[in-house]
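Spelled out, the chains give:
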Amino acid sequence: MSKAIGLVTCRAYELGEVKSVVRDEKRLKPHDAVAWMRSLLSGVDEPVPLYWLVVVSMLEQGRGVHRYFMARDHSRWLIEMTPGVRKQAPGRLSHPIQGENMSDARRTGWPGGSPPVAQNVDMARPHLIGAAGTGMWPLGVFLRAAGHTVSGSDLAWSGHDTENVEGASCVVYSTAVDAMNPLLAAARRRGVPAVHRAQALDLALDALNWTGVSGTHGKTSTTAMLAHILRETGADPSWIVGGRPSGMAAAHCGGGLAGVAEVDESDRSMLLTRPFFALVTNLDDDHTENYGGGSGLLDTVEAWARRANSVVVCADDVGGSALATALRLGRSRVLTYGTGGDTDVTIKETRSLRDATAVTLGDGVRFLLPVPGPEQALNSVGAIAAASLYGIDTSAAAEALETFAGVERRLTVTPLAGDVAVLDSYAHHPTAIAADLAVAAASGRVVLAFQPSGHERIVRLAERIADATRAADELVLLPPHSHRDTPTDHLVAYLRRHHPRLTVVADAAEATARLAELARPGDTIVTMGTGDVAGLTPRLLLAKRASATT
C-alpha cells in the first residue's frame with residue numbers, strides 16, 4: 001500500500017454485526033477487533049490518507065455480508081460484517097477504486113443484462129460484426145490462422161449487410177454493438193447463435209494454457225511483452241493483442257501450448273473467459289458507466305481471477321493490492337510484482353532514457369527495455385512474472401525484452417526535424433495521462449495535443465484530467481472522441497486554471513498547424529488520446545517535409 005490516491009473524510013460509521021476479521025491473513029475473533037474498528041472509523045474529523053485507510057466493500061451474493069479490505073501502516077485486514085448504516089458528514093466517503101468524492105452512480109451491471117453465454121456454438125464459419133475494431137480485428141486474424149473460415153463487416157467499410165449472415169455458423173459481436181444491430185436481428189431470425197467476442201476468444205484459446213491479461217492500464221503492452229518473451233524463448237506461442245505491436249503481428253496461432261491474450265475488464269465480458277493463468281496490471285477508477293459507484297470492478301476481476309490456476313498481480317496500486325489480498329485469503333495461488341520489497345518479483349531501480357528504460361530487479365538481473373517510462377518497466381516485470389509460470393527464468397525473460405519493439409501509440413517515439421520528437425500516447429485516464437507526461441517532461445519542454453474520450457470519464461473526471469496535464473508547457477485540446485454528445489465546457493474551464501496557454505482547436509488539421517507553430521528545437525510533442533489524435537504524427541511529418549522543400 002505505497003501509493004496515496006487522495007483523501008477521505010468521514011465522521012461516523014455504524015459498524016453493524018462483525019462476522020470475522022483477518023489481519024495479515026490471520027483470523028482474529030470479532031470481539032477483539034470491534035473496539036479497534038470503532039476507534040478507527042468513528043468520530044474521525046480530519047482527512048485520512050487513503051494508504052492508511054482503504055475500504056473496498058463487496059456484497060457476497062445470497063449472504064448479505066459485506067467484505068471490507070482495509071490497510072494501515074502497511075498492514076492489511078479483511079473484515080466481514082452484515083450491513084450497518086453509514087453516516088457521512090460533511091462529505092462523501094471516497095472509494096479507493098472509484099476515486100475522490102464519488103456520487104452514487106447507477107449500477108447498470110452488464111450493459112443490457114447479465115453476461116450472455118451462447119450455447120452450442122460452432123466456430124467453423126464465424127462472421128465478425130465490427131471487424132475493424134481493436135479487439136475484433138486480431139481475433140479474426142487468429143481465427144483465420146487457426147483454420148476457420150472468417151468473414152466480417154464494419155461501418156467503417158461497407159456497413160452491415162444482413163446477407164453477411166447467410167452461411168455463418170455464428171455471429172460474433174462486442175459490447176459496443178447495439179442490440180438492434182441489423183446483423184444481430186438477422187441472426188436471431190435465422191437461428192444463428194450470437195456470441196460475444198469474449199466468449200469467442202475463450203473458445204478460440206480453449207485448448208491452450210493461455211494467460212489472460214487484464215487491468216485498467218497497460219494490458220495491451222503487457223500482453224505484447226509476454227507474447228514476445230514466449231516467442232523469443234522458443235515456446236512457439238499463440239497470442240491476441242488488442243493493439244498493433246511493432247515487429248510482430250497483432251495475433252498469431254502458434255504450434256505450442258502456451259498462449260496470451262488481452263482480456264477486457266470494462267464491461268464484465270471477462271467473465272465469459274476462463275484463462276489458465278491470469279495477470280492483472282492494476283485496478284483504477286474507470287468504467288463507472290458499467291460498474292456504478294460501488295466495488296463492481298474489483299468484484300468482477302476477483303471472480304474472473306479465481307478461475308485461473310495461478311494469478312499474477314501488480315501490488316503497487318491500491319486496487320491490485322486489495323485484489324491480491326482477497327485472492328490469497330480465498331487460497332488462490334498469487335504471484336505479486338512491483339516496486340515494494342515484499343513482492344515476489346521486485347523492481348529495485350529504473351532509469352529513464354528518452355526512448356528506453358534501464359531496469360534493475362531485486363535479484364540483480366538488469367536489462368534495457370526499448371520503451372520509455374517506469375510504467376512500461378512495471379508492465380515488463382509483470383510479463384516476466386507471468387513467464388515464470390511457463391518455466392522461463394527471470395534472466396532469460398529479461399534478455400528477451402531487450403529486443404521488444406513496443407506497441408504503436410504506447411509511448412512510441414518519432415523524430416522530427418530540429419531535434420523535435422513526437423511521443424505518441426494512448427493515455428486517456430488521469431493516471432495514465434500523468435504517467436506518460438512525466439516521461440515526456442523528463443526530456444525537456446512538452447507540447448501536448450490531447451483528445452479526451454468517454455462521456456462518463458470526461459464528465460466525472462474533468463478536474464483530475466486537467467490536473468494530470470500539468471506537466472505540459474503548451475496544451476492543444478481537440479474535440480472529444482466519444483460515442484455521445486459530451487459537454488466539455490467544464491473540462492475546458494478546469495484546463496484553463498492549469499494552462500493559461502491552452503489552445504482549443506476544431507479538428508486535427510487545426511491541431512497540426514498549431515503544434516507546428518508551438519514546437520521549438522529540443523521540444524517533445526505528445527499526441528495523446530484515443531481518437532483521430534492518432535493521425536497527428538503522420539500529419540506533422542508531412543508538414544515538416546513540405547516546409548523543408550519550400
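Residues numbered from 1 in each chain as written. Predicted model: local features only at pLDDT ≥ 70, side-chain atom pairs only at ≥ 80, totals over all residues. Heavy atoms only, no water.

### Here's the deal with the packing of helix α7 (residues 296-306) against helix α8 (residues 318-329)
Stated formally: Axes here refer to lines fitted to C-alpha atoms; in helices the fit is confined to the stretch in contact. Angles between the N-to-C directions go from 0 to 180 degrees. Helix and strand definitions follow DSSP, with helices as H or I runs of at least four residues and strands as E runs of at least two, each counted in order from the N terminus. Angles are sorted into four bins: roughly parallel if under 35 degrees, roughly antiparallel if over 145, roughly perpendicular if 65 to 115, and oblique for all others. Crossing handedness: left-handed means the near helix sits turned counterclockwise from the far one by under a right angle, and right-handed means the same turn made clockwise. The contact rule is simple, with two residues in contact once any of their heavy atoms fall within 4.5 Å.
Closest axis-to-axis distance for the α7/α8 pair is 10 Å, and the angle between their directions is 45 degrees. Between α7 and α8, the angle falls in the class oblique. As for the relative orientation of α7 and α8, their crossing is right-handed in sense. Residues Leu-298, Val-301, Glu-302, Ala-305 and Arg-306 of α7 pack against Gly-319, Ala-322, Leu-323, Ala-326 and Leu-327 of α8.

### Some thoughts on the sheet that holds strand β14 (residues 209-214)
Just so we agree on the cut-off: Whether two strands pair depends on DSSP finding at least two bridges between them.
Taken in spatial order, the 10 strands of this open sheet run β16-β15-β17-β14-β18-β19-β20-β21-β22-β23, and their pairing is mixed. At either end of the open sheet lies a strand with only one pairing partner, and these are β16 (251-252) and β23 (366-369). In this structure, strand β22 (residues 357-361) lies alongside β23, joined through 4 bridges in antiparallel fashion. In the sheet register, Thr-360 faces β23, and the bridge partner there is Arg-366. Set on the sheet, α7 makes contact with β14, β18 (277-280) and β19 (310-314); between it and β18 the angle comes to about 150 degrees. In the packing of helix α9 (residues 374-388) onto the sheet, the strands contacted are β18, β19, β20 (334-338), β21 (345-352), β22 and β23, and the crossing angle to β21 comes to about 150 degrees.

### Considering the confidence of the model for the chain
Stated formally: Summary of the metric used: pLDDT quantifies the predictor's per-residue confidence within the range 0 to 100.
Averaged over the chain, the pLDDT score is 79; the fraction of residues at 70 or greater is 75%. Scored below 50 in pLDDT, residues 1-21 shows 95 contacts in the model against residues more than four places distant or in partner chains. Contacts for the low-pLDDT stretch residues 30-109, under 50 throughout, to residues beyond four places or in other chains number 229 contacts.

### What about a nonpolar patch on the surface?
Note the cut-off: Like charges within 9 Å and nonpolar side chains (Val, Leu, Ile, Met, Phe, Trp, Tyr) within 5 Å are joined into patches, using only residues over 30% in relative accessible area that form no salt bridge. Methods summary: accessible areas were calculated by the Shrake-Rupley approach with a probe of 1.4 Å, and residue burial reflects only the protein chains presented. Throughout this description, the term salt bridge denotes a Lys or Arg side-chain nitrogen within 4 Å of a carboxyl oxygen of Asp or Glu. Each residue is placed in one exposure class: buried if its accessible area under a 1.4 Å probe, protein chains only, is under 20% of its type's maximum, exposed if it is over 50%, and partly exposed if it falls in between.
Among the surface-exposed residues, Trp-137, Val-141 and Trp-157 lie close enough to one another that they form a single nonpolar patch of about 310 Å² accessible area. Turning to its location among the elements, Trp-157 is positioned in the loop between β11 (151-153) and β12 (170-173). Residue class for Trp-157 comes out partly exposed when judged on its relative accessible area of 47%.

### Overview of the pattern of salt bridges
Here the structure, examined in full by the defined rule, presents 11 salt bridges. Its salt-bridge partner being Asp-344, residue Arg-328 comes within 3.5 Å of it at the nearest N-O pair. With a gap of 16 residues between them, Arg-328 in helix α8 and Asp-344 in the loop between β20 and β21 connect regions that are remote in the sequence. The exposure class assigned to Arg-328 is partly exposed, which follows from its relative accessible area of 30%. Using a relative accessible area of 44% as the deciding quantity, one classes Asp-344 as partly exposed. Where Asp-467 meets Arg-470, a salt bridge forms, and the shortest distance between an N and an O atom there is 2.4 Å.

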